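Structural features, examined
Residues per chain, in single letters:
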Amino acid sequence: MSGRHPLSRNDAMNAHPSSRDPDMRMPVRRLLALCLLACALPNAWAAGADFGNVNGAVDGKALRPVAQANPLAAKNAGPIALVDGELPERSLLRAQILLERAHFSPGEIDAGEGSNTTRAIAAFQRANGLAGSGQLDDATWAALDADTGPVLDRYTLTDADIAGPYVSVPGSMLAKAKLKKLGYGSLDEMLGERFHSSPTLLHRLNPGKAFVAGTELLVPKIDAAPLAAPSRVLVLGDDYSVNLVDGEGRIYARFPATYGSVHDPLPVGDWDIRGVWRNPTYHYNPALFWDGNRNDPKATIQPGPNNPVGVAWISLSKPHVGIHGTPEPSRISKTQSHGCIRLTNWSVLQVASAIGAGTPVLISETMPSPDTLRTSVAAAPTTVEAPLPTPTTLPTPASTTVPAPADVPSDANLPTPSTIPPAPADALPTTTPPPQSQPAPTPPAIPDETQPAPPPAG
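Conventions adopted
Residues numbered from 1 in each chain as written. Predicted model: local features only at pLDDT ≥ 70, side-chain atom pairs only at ≥ 80, totals over all residues. Heavy atoms only, no water. UniProt positions renumbered as here; feature names shortened; annotations may be inferred. Salt bridge = Lys/Arg side-chain N within 4 Å of Asp/Glu carboxyl O. Helix = DSSP H or I, 4+ residues; strand = E, 2+ residues; numbered from the N terminus. Buried < 20%, exposed > 50% of the residue type's maximum accessible area, 1.4 Å probe, protein only. Pairing = 2+ DSSP bridges.

Naming follows an unreviewed UniProt entry, where the protein chain appears as L,D-transpeptidase family protein of Pseudoluteimonas lycopersici. On record in UniProt, under Sequence similarities (unreviewed entry), the comment for the protein chain is "Belongs to the YkuD family."

Encoded structure:
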């Protein structure tokens, strides 16, 4: 035995690795590596090092980039610039209004950039023989400027506009079922739907004005020529749209849409329209929804613009699927559904005015070939509704078709956004009974459409 005193445990920990017990080397190496990592990590993070898709976390939170401010937010606030009481010739708001009048709807007119407007521009370009870039170039402006009418109008608020009555729309189906009418929630919401615009835009067009009886407002002039009856309706998945197609396979009207989800995918295939219902009564059946609460009772939701399926239901030959309106126009193409196809309330009225029972409907994920779109159809629409009203009346054109559906499942599990106010209940249209010569079809169940994604709605 040598004269050296055996190493204590502390001495062993401080000894050079080569002189350490082999069993101690791995723990010490790990400790040193962790120390080095602790020192290097803050510097690497500050330098913007790419950690890859490692799902790392700090204090239980995923390492994600700091959210950036929305660069469009500043553009979508403040008064709208005018030139001699009109919009500048090449303003985005003017383009949105002209697109709406040309039946290539940007959805809710808001003077802001977004996917709905970009897709509307691209569809308008293709319909006019231009490359579908989605950009407002010289050629596109030349085509839009074929409409030479003013894009702004003046509307004077009436006592009836102010009086409403307006209703506070609850979020749950069972609470909605207690209301006698699903009317507008506020003057702002009613005016927004009347002029196809976001309520915020209307206030930006009228800075400093009190929205009271007698006030003259500047509003988008959105009245358009009635739509011709299509040879078919095309629901296009990758374009988030409902399109009207003529006999030559040309798309002459396009409306942004919300549809389907992972649980309820877009029902691709050839279908046809079985009937059109204005101001439908919605019959909620939780058993029809993958995410429905089986303990909830069935519920009947009365008609109105805040009904889960809006102001019109267009029934398809595909069971439980239809094209319908929504009380949340700002969410069109931004959410999912329980399998149905949702349009803004004003767009679904326009589509309903042009089609009827028997109109073929092609639902496709991508644009079909020109030959497919040109294919002749055996059945023609049996009914065509009256043209849409002018902006001075509520957006509920007269109907010559069928009664309220018996079973319309909903997506109204979400509350109506508090940021979008509703409108007068007494202004709600009444359903016109079907002509005696044409028996009303039995309406199918209508899936729920008011739920945001995820999860999807009907």
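Still more to cover.
**What about the pattern of salt bridges?**
Where side chains of opposite charge bring their charged atoms close, a pairing between them can arise. In the structure shown here, the tally under the stated rule is 12 salt bridges. Note that Asp147 is salt-bridged to Arg101, the shortest N-O span being 2.9 Å. In this pair, Asp147 sits in the loop between helix H5 (138–144) and strand S3 (152–156) while Arg101 sits in helix H3 (residues 92–101), placing the two residues 46 residues apart along the sequence. Asp147 gets classed as partly exposed once you look at its relative accessible area, which sits at 27%. When its relative accessible area of 10% is taken as the criterion, Arg101 is described as buried. Residues participating in the shared-partner salt-bridge network are Asp153, Lys221 and Asp223.

**Some words on the environment of Gly107**
By the secondary structure assignment, Gly107 is in the loop between H3 and helix H4 (115–127). When its relative accessible area of 1% is taken as the criterion, Gly107 is described as buried.

**A closer look at the pairing of strand S6 (residues 241–245)**
Of all 5 residues making up S6, 5 are buried, and the element is well covered by its neighbours. Burial along S6 is two-sided: Ser241, Asn243 and Val245 and Val242 and Leu244, pointing in opposite directions, are all buried. In this sheet, S6 lies alongside strand S5 (residues 232–236) in antiparallel orientation, the contact comprising 5 bridges. By the bridge assignment for S6, Val233 is matched with Leu244. The hairpin turn running from S5 into S6, its antiparallel successor, is 4 residues long, and Tyr240 in that turn takes a positive phi close to 50°. Of the strand pairs in this sheet, S6 and strand S7 (residues 251–256) are connected by 5 bridges, and their pairing is antiparallel. Of the residues in S7, the one forming a bridge with Leu244 is Ala253. The antiparallel hairpin formed by S6 and S7 contains 5 residues in its connecting segment, where Gly249 sits at a positive phi of about 85°.

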